[in-house]
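A look at the structure
Take a look at the letters that make up each chain.
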Amino acid sequence: MSWFEALILGIVQGLTEFLPVSSSGHLELTKAMFGDNSLPEESLMMTVVLHAATALSTIVIFRKDIAEILRGLLQVKNNEQFQFSLKIVLSMIPAAAVGVLLEDQIEQFFGGQILLVGCMLIVTAGLLFLADRAKSTLNPVSYQKAFIIGIAQAIAILPGISRSGATISTSVLLGVDRQKAARFSFLMVVPLILGKMAKDILSGDLGSTQTNTGLLIIGFIAAFIAGLLACQWMIALVKKSQLKYFSFYCMIVGIIAIIYTLI
């Protein structure tokens, strides 16, 4: 991998992590375009590093919200901040369980499975289309809805299923206010990414391959900057109910990916 390829991967990750088009799916497609022959473990390591960059951009943009969540957990009072913090924790459980119990199986999905990516992009397109047609409400995220949204996040581990698309669409279809849905979607993923990074560092997974550190740094910086821009853009788009355009995009890219694997 060259520095240019690492830069492009970082930009793709930063943009697609927040836009509902599947960052993991687009990373796999981009790697295929570059002729990437990495082992699944190496490919997953680059993916984890780029996700860490977008997690940092989320922290920067939602720093006040994250501070409120931390205060809510530390105060242990039955107030709005504490309840919201519990909902974030509850939403993490499905994805955390899948990540721990099925880690080896998940790694195999990140080795150039273009057909899978194409099929899952079409699933994402369907979710976005339905969410865009859903009636707007002002309802908050309840405990039950938080857990269901967490299940959607767990399913979105598959490359091609957009995490933000799945969680925001699920929230909107459950009747959650669009702005609150976007805010909850972006905040709920931060602890999971940081937890995954901590686990990999402690276990030595990130240092077990020959991936060039300089390339990881280039990708990280590119993903961080692109993520800052895309996160703010996505919040504005969700408010305006413009998810259908991303639905059309995912459908087109998914069909192209499937045709590519068949020919």
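Summarised in this report is the structure supplied together with it. (Residues numbered from 1 in each chain as written. Predicted model: local features only at pLDDT ≥ 70, side-chain atom pairs only at ≥ 80, totals over all residues. Heavy atoms only, no water.)

1. Here we look at the nonpolar core
To keep things clear, this is the line we draw: Only buried residues count toward a nonpolar core, which is a set of Ala, Val, Leu, Ile, Met, Phe, Trp, Tyr and Cys residues joined through side-chain atoms within 4.5 Å. Residue burial is assigned from relative accessible area. The probe radius is 1.4 Å, only protein chains are included, and a residue is buried under 20% of its type maximum, exposed over 50%, and partly exposed in between. Note on conventions: DSSP H or I runs of at least 4 residues are helices, E runs of at least 2 residues are strands, and numbering of each starts at the N terminus. In what follows, a contact means two residues having at least one pair of non-hydrogen atoms within 4.5 Å.
Grouped together as the largest cluster of nonpolar side chains are 43 residues, with contacts concentrated most on Leu29, Phe62, Ile88, Phe184, Phe186, Leu187 and Met234. Those elements that provide at least two residues to this core are helix 4 (63-75), helix 5 (80-101), helix 7 (114-133), helix 8 (143-155), helix 9 (163-173), helix 10 (178-203), helix 11 (213-239) and helix 12 (243-262). Looking at this core element by element, the count peaks at seven residues for helix 10. Setting aside chain neighbours within four positions, we find Ile88 in contact with Ile69, Phe184, Leu187, Met188 and Pro191.

2. So, helix 2 (residues 23-33)
The test is simple: Polar contact criterion, stated in full: a pair of N or O atoms within 3.5 Å, where within protein one must be able to donate a hydrogen and the other to accept it, and residues adjacent in sequence count only if both atoms are side-chain atoms.
Along helix 2, nine of the 11 residues are buried, which leaves the element largely enclosed by surrounding structure. By the burial criterion, the buried members of helix 2 are Ser23, Ser24, Gly25, His26, Leu27, Glu28, Leu29, Thr30 and Lys31. Put simply, Ser22 is the residue that caps the front of helix 2, since its side-chain oxygen is 2.9 Å from the backbone nitrogen of Gly25. Downstream of helix 2 by a residue or two, Gly35 has a phi angle that is positive, lying close to 75°.

3. Here we look at the pattern of salt bridges
To keep things clear, this is the line we draw: For salt bridges, the criterion is a side-chain nitrogen of Lys or Arg within 4 Å of an Asp or Glu carboxyl oxygen.
Per the stated rule, a full pass over the model turns up two salt bridges. The salt bridge involving Arg163 is made with Glu17; its shortest N-O contact spans 3.5 Å. Taken together, the positions of Arg163 in helix 9 and Glu17 in helix 1 (residues 3-18) put the pair 146 residues apart, joining distant regions of the chain. Exposure class is identical for Arg163 and Glu17. Each is buried. Between Asp65 and Arg183 there is a salt bridge whose closest N-O contact spans 2.5 Å.

4. Some words on the state of the cysteines
Put plainly, two cysteines are in a disulfide when a covalent bond ties their sulfur atoms together. We apply this condition: The disulfide criterion is simple: two cysteine sulfur atoms within 2.5 Å.
A full pass over the atoms with the stated rule returns zero disulfides. Unpaired in this structure, Cys119 has its nearest cysteine sulfur neighbour in Cys250, at a distance of 14 Å.

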